[in-house]
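The primary structure of each chain is shown beneath.
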Amino acid sequence: MAVSQLIGASIKRREDPQLITGSGSFVEDMPQTAVAHLYVVRSTQAHARILGIETSRAREASGVLAIWTGKDLQPEFQAPLPVTVSFVAEKKYPSMYPIATDRVRYVGEPIAVVVATSRSAAEDAAERLDIRYQSLPVVLDIERALAADSPVLHDEIGSNISYDVKRSAGDIEAAFREAEVRISQRLVQQRLIPVAVEGRGVLAEYKPFANSLTVWSSTQIPHFVKVWLGVILGIPEGKVRVVAQDVGGGFGSKIRVYPEEVLVALASRRLGRPVKWTEDRNENMKATHHGRSQIWDVEIAARRDGTVLGVRATQYLDLGAYCSQFGTFMAIALLIAQGPYKLKAFDGRGVGVFTNRTPTDAYRGAGRPEATYLIERVMDLVAHEVGLDPVEVRRKNFVPAAEQPFANLFGLTYDSGDYNLTLDKALTMVDYPAFRREQAEARKRGKYLGIGFSTYLEICGLGPSAATTPATGIGLWGMSVVNLHFTGKATVIIGSSPHGQGHETTFAQIVGDALGLPLEDIEVVHGDTAIGPMGMNTYGSRSASVDGAAVHLSAVKVREKARKIAAHLLEAAEADVVYESGKAFVKGAPSKSLTIQEITGAAFQPHRLPPGMEGGMEATTFFDPPNFVWPFGAHVALVEVDGETGATRVVRYVAVDDCGTRLNPMVVEGQVHGGIAQGIGQALYEEAVYDEEGQLKTGTLVDYMVPCAPDLPSFETAATITPSPSNPLGVKGIGEAGTIASTPAVINAIVDALQPFGVKDIDMPATPEKVWRLMHQNGGTTR
Amino acid sequence: MRQKVAITINGTRYENEVEPRLLLVYYLREYAGLTGTHVGCDTSNCGACTVDVNGHSVKSCTLFAVQADGAQVTTIEGLAKGKELHPLQQAFWDEHGLQCGYCTPGMIMAARQLLERNGNPTEAEIRSGLEGNLCRCTGYHNIVKAVQAAAKAMAGAEARQPAAAGS
């Protein structure tokens, strides 16, 4: 391999010139000739029967092209919206269709669509609909939903329990018999709203005489949307094209095949003209899926020396009103909750529950934040109970580097990692002993400082195909095409579909290194199902390690072909020809050489090729990795709690992440920053709150607190590099690590700050009121 | 019913008859075809639609187009001079101050006003000056760095060219 120059370099993103000048291509920016506008009429009730939708007055409104209720559209759906296995094959769930027909189960569920010549005309007409409901009792609380006398959402299931399963490994009874310390704790993962700054949007154009459908969507998964639009609407897959251009953030919220994608496509088919729908923020807060919404009951068995022997944990997962496409994916937490630690047993139980709230699905981290929160809180709870330093408790329980690769209790194999390495570096950066001295001094002055650790380990890089199939119902792998044009310029097609991650830049870096091409000669294309083979899209921090590796392998195949052609043209033995920096030359005779441009030119003239070789300079790779990748790191939050108001400020935040080889450190650090911010958001600010009737009280950005610039500090980041053996680049994922790590770091820091008040735990978000109440639970007296 | 408006946007005068309820942001996007100004919320919280109206940074979803009648408006499309980027655009690029790029036009427009008012802001001043603009990707870290870098670049440019007016 040529000396690496591009991989590892912080190259500025080629995506940016468009985006900083206002010339991006988001769905809403598409030219709008002859487009009809679709408005989704949504349930205003959390649980009700639809008695009737009277449309005649609305049909008379100006500009209306069509009004359809669920009953009008239902006959055209040849399948329900997809639901994947997602770690719980045992679950029971109802079929969910894009639009309700006779019963609604959450506020925001589609019940009718109005199509008109403008968005405002559609909205005006929708106001003239006469919708009659018969209210049903609502079920909003996870624990109440489980009660035998609870109203039931789905009669065919007979209760609100989708599944109640065990995920256990090791001898938990023995662990508890051996325990000198037992701790019980409830941990709550509040319901979160993802809030990508661009809401969703869909533009569909169906051509009746061709029976072809093109859909532009603000989605993370154009390839899956293509498959399912074909299945649901009965259009051959090859006639469906889905395009994701610029996408304004996803964070998991655009990972599903959504009702509106189907409804807009169907409206275009019915009307024979292009139709678009743009989600407004009020819609987005209730119609785009939510995240987390879990209760965890935890029991810990430990020894007085800080050894954690085993954990019993029940995860109550609020699925919302239906089981979403990856709705049970968060049950992965039960399989990975041991984190980087050597436990003897983990006894897990997962319970999935239906409630009259917006469906939940993946939100940045999807199961790994919950697992990490659990085990990182466990470490601190144990440290607190036995009176040891939380750093020492972690070190005591770490899987030693010498034992890597390490199989966890459930047989998942950690690929590589030295957990002390990142922790040591983080401790140096914060100057731990100095902080403890400062903390002690500050307490004397009535000032409450705290430090919190999170030495996370996470699993990502989806594939491998075989391992992901039982888990998600879909075999996942990486896809790339590297295609050199006649002049030696490259087009690279990738299977992932980015929305801010910078793949056009980083994937060009991979090809640039492998082929010795200048970056400006490499185009990276993504997010268009009409171009190249099927890809597996972007989620789960998978792109670099799976599609990136596929890109590398395709480039290597092209390089090998170039070398063979060069040997033929130079009349040299193949073994004597070396490829380096964009040139093939005969070993020991560098003047006998051909550039990649010259070789590619020959590749398009088959008579110049070695006998039997086909023309062209193209390679396709479907990369199925042998294992997942397991990024890890040490995050440390330093907080100051205001003794008067209970307000918490993150004063410093130190993150040392190991994601293996870093393709572009600037991009990696950007991912870490954004991830940390979202994790701090969960710890301190964000929560979706419903009233007793099931109305979302935090339905606008006035009420739902997304962190602003003044709420956050600048972050201090560093890296160690432990290459992954799971792919030829040695990369791991980094898109979610910040979010996975930061939430427990902040909560651990707050609990640490509140030690003088005897506080052991605090529910998220740790609002000033909650903190203040804890400070005053014993009349405000400190210990 | 419809009302006539004349709005000068990035130096070009636009005249249209619009519904009184049309928000300025939709006028910019749909009548002037300037889609760089984005809509991120309905409640004036996110700032994605920030533009400059008569020298003031304004969330264009809080203003009706008819209220901007006669106004001079600058949008993100009006910042670069040909291929030469505005120092803030350059700095957002250099410092990786954007990821998905959806909030970026509004963020840059808000930062532009911030630097016009205070050419040498502290980190805290930058953070509080951008309080009205939400970004979900960057955690604001590199946005702060970008504004600092732009402030430096703009101060340098002014020192070299003291007579030049601020852009």
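Everything quoted here is computed from the prediction, not taken from an experiment. Each chain has its residues counted from 1, following the order in which its sequence is written. In the order they appear in the text, chains get letters beginning with A and ligands get numbers beginning with 1. The predicted nature of this model means local features are confined to residues of pLDDT at least 70 and side-chain atom pairs, given and counted, to a pLDDT of 80 or more, with totals for whole chains, interfaces and linings taken over all residues.

Points about the overall build of chain A
Keep this limit in mind: The helix count covers DSSP runs of H or I at least four residues long, the strand count covers runs of E at least two residues long, and both are numbered beginning at the N terminus. All radius of gyration figures rest on C-alpha atoms, and the globule criterion is 2.2 Å times the number of residues raised to 0.38. The exposure scheme places C-beta atoms from the backbone and then counts, for each residue, the other C-beta atoms within 10 Å of its own, assigning buried at 20 or more, exposed at 12 or fewer, and partly exposed in between. Placing C-beta atoms from the backbone, we regard two residues as in contact once those atoms come within 7 Å.
Regarding its fold elements, chain A presents 21 helices and 28 strands. Taking 2.2 N^0.38 as the reference for a compact globule, 783 residues should give roughly 28 Å; the C-alpha atoms of chain A span a radius of gyration of 28 Å, in line with that estimate. In chain A, buried positions account for 58% of the 783 residues. For chain A, the share of sequence-separated contacts (at least 6 apart) that also reach a separation of at least 24 residues comes to 80%.

Description of the overall build of chain B
In terms of regular secondary structure, chain B is built from five helices and five strands. In sequence order, the secondary structure elements of chain B are arranged as β-β-α-β-β-β-α-α-α-α. The C-alpha atoms of chain B give 16 Å as radius of gyration, which agrees with the globular expectation for 167 residues (15 Å, within 12%). In terms of principal-axis extent, the alpha carbons of chain B reach across some 50 × 40 × 25 Å. Residue burial in chain B is summarised as follows: out of 167 residues, 56% are buried.

Here's the deal with the pairing of strand 2 (residues 48–54) of chain A
All names here are of chain A. Where we set the bar: Pairing between strands requires that DSSP locate at least two bridges from one strand to the other.
Where strand 2 meets strand 4 (residues 103–104), two bridges bridge the pair, whose relative direction is antiparallel. Across the sheet, Arg49 pairs through a bridge with Arg103, a residue of strand 4. Here strand 2 runs beside strand 6 (residues 130–135); their pairing, made up of six bridges, is antiparallel. Residue pairing in the sheet places Glu54 in a bridge with Asp130 of strand 6.

What to know about the interface of chain A and chain B
The criterion, for reference: By the convention adopted, Pro, Cys, Tyr, Trp, Phe, Met, Ile, Leu, Val and Ala count as nonpolar, Lys, Arg, Asp and Glu as charged, and the other residues, Gly among them, as polar.
Every contact between the two is made by 42 residues of chain A and, on the other side, 44 residues of chain B. Of all elements in the fold, only helix 1 (16–20), helix 9 (281–287) and helix 19 (665–685) of chain A reach the threshold of two or more residues within the side of chain A that touches chain B. Ranked by the residues each element gives to the side of chain A that touches chain B, the list is headed by helix 19 of chain A, at six residues. Of the residues in the side of chain A that touches chain B, the class split is 20 nonpolar, 14 polar and eight charged.

Some details on the sheet that holds strand 11 (residues 240–243) of chain A
All names here are of chain A. The condition is simple: Helix axes are fitted only over the stretch in contact, all axes being lines through C-alpha atoms; the angle between N-to-C directions runs from 0 to 180 degrees.
The seven strands lie next to each other as 3-5-1-12-9-10-11, forming an open sheet whose pairing is mixed. Because the sheet does not close on itself, it has two edges, and the strands there are strand 3 (64–69) and strand 11. Each strand axis lies, on average, 20° off the axis of its neighbour in the sheet, ignoring direction. Judged from the two bridges that link them, strand 1 (residues 36–42) and strand 12 (residues 275–278) form a sheet pairing that is parallel.

Some thoughts on the nonpolar core
Residues and elements named next belong to chain A. This is how it is decided: Nonpolar cores are identified as sets of buried Ala, Val, Leu, Ile, Met, Phe, Trp, Tyr and Cys residues joined via C-beta atoms within 7 Å.
In this structure, Leu38, Val113, Val114, Val492, Val511, Val746 and Ile750 are the most contacted members of the largest nonpolar core, which totals 305 residues. With 11 residues, helix 17 (residues 543–570) is the single largest residue contributor to this core. Leave out the neighbours within four places in its chain, and Val511 touches Val482, Ala490, Val492, Leu517, Ile522, Val551 and Ala555.

Describing the sheet that holds strand 4 of chain A
Taken together, three strands build an open sheet; the order of strands is 4-2-6 (chain A) and the sheet is antiparallel. Strands with a single pairing partner mark the edges of an open sheet, and in this sheet they are strand 4 and strand 6 of chain A.

Structural notes on the packing of helix 7 (residues 222–233) of chain A against helix 8 (residues 259–271) of chain A
Residues and elements named next belong to chain A. So the rule is basically this: Should an angle fall under 35 degrees it is called roughly parallel, over 145 degrees roughly antiparallel, and 65 to 115 degrees roughly perpendicular, with every other angle called oblique. Two helices crossing with the near one rotated counterclockwise from the far one by less than a right angle form a left-handed crossing, whereas a clockwise rotation gives a right-handed crossing.
Helix 8 packs onto helix 7 with a crossing angle of 55° between their chain directions and a minimal axis gap of 11 Å. Regarding the angle of helix 7 to helix 8, the classification is oblique. The element helix 7 and its partner helix 8 pack so that their crossing is right-handed. Contact residues: helix 7 offers Val225, Leu229, Ile232 and Leu233, while helix 8 offers Glu261, Val262, Ala265, Leu266 and Arg269. For the contact of helix 7 with helix 8, a count of residues per class yields seven nonpolar, no polar and two charged.

A short note on the environment of Gln90 of chain B
Examined against the element boundaries, Gln90 of chain B turns out to sit in helix 2 (residues 87–94). With 59 residues separating them in the primary sequence, Gln90 of chain B and Ala149 of chain B have C-alpha atoms 9.2 Å apart.

So, the environment of Arg29 of chain B
All names here are of chain B. Mapped onto the fold, Arg29 is located in helix 1 (residues 24–31). Overall, Arg29 belongs to the buried group, with 22 C-beta atoms counted inside 10 Å. C-alpha of Arg29 to C-alpha of Val58: the two residues are 29 residues apart in sequence and 16 Å apart in space. Here Arg29 is in contact with Leu34, Thr35 and Thr37, once residues within four sequence places are set aside.

Quick notes on the environment of Ser217 of chain A
All names here are of chain A. Of note, Ser217 is situated in strand 10 (residues 212–217). Along the sequence, Ser217 and Val27 sit 190 residues apart, while their C-alpha atoms lie 6.3 Å from each other. Those residues within four positions of Ser217 in sequence are excluded, and the remaining contacts are Val27, Val202, Pro222, Val225, Val242, Ala244 and Glu261.

Thoughts on unusual backbone geometry
Between Leu462 of chain A and Gly463 of chain A the backbone carries a cis peptide bond, its omega angle lying at -5°. You can see Gly463 of chain A is positioned in the loop between strand 18 (448–454) and helix 15 (465–472). Here Ser541 of chain A, not a glycine, exhibits a phi torsion of approximately 50°, which is positive. Position of Ser541 of chain A relative to the elements: it lies in the loop between strand 21 (522–525) and helix 17. Positioned with a positive phi, Ser44 of chain B is a non-glycine residue whose angle comes to about 60°. Using a count of 15 C-beta atoms within 10 Å as the deciding quantity, one classes Ser44 of chain B as partly exposed.

A word on the packing of helix 17 of chain A against helix 18 (residues 596–603) of chain A
All names here are of chain A. Two numbers describe how helix 17 lies on helix 18: the axes approach to 10 Å, and their chain directions differ by 85°. Comparing their axes, helix 18 and helix 17 come out roughly perpendicular. On helix 18, the residues touching Ala562, Ile565, Ala566 and Leu569 of helix 17 are Ile596, Ile599, Ala602 and Ala603. Within the contact of helix 17 with helix 18, the residues separate by chemical class into eight nonpolar, no polar and no charged.

What about the pairing of strand 5 (residues 110–116) of chain A?
Residue and element names in this part refer to chain A. Counting buried positions along strand 5 gives seven out of seven residues, so the element sits mostly inside the fold. Relative to strand 5, strand 3 runs antiparallel, the two being bridged by five bridges. Paired with Trp68 across the strands is Val113, a residue of strand 5.

As for helix 14 (residues 432–444) of chain A
Convention followed: Every helix has an expected span of 1.5 Å times one less than the residues it contains.
Along its 13 residues, helix 14 of chain A runs 19 Å from first to last C-alpha, staying within 8% of the 18 Å computed at 1.5 Å per residue. Count one or two residues on from helix 14 of chain A and you reach Gly446 of chain A, which has phi positive near 75°.

Functional significance is not addressed by these values, which are geometric in nature.
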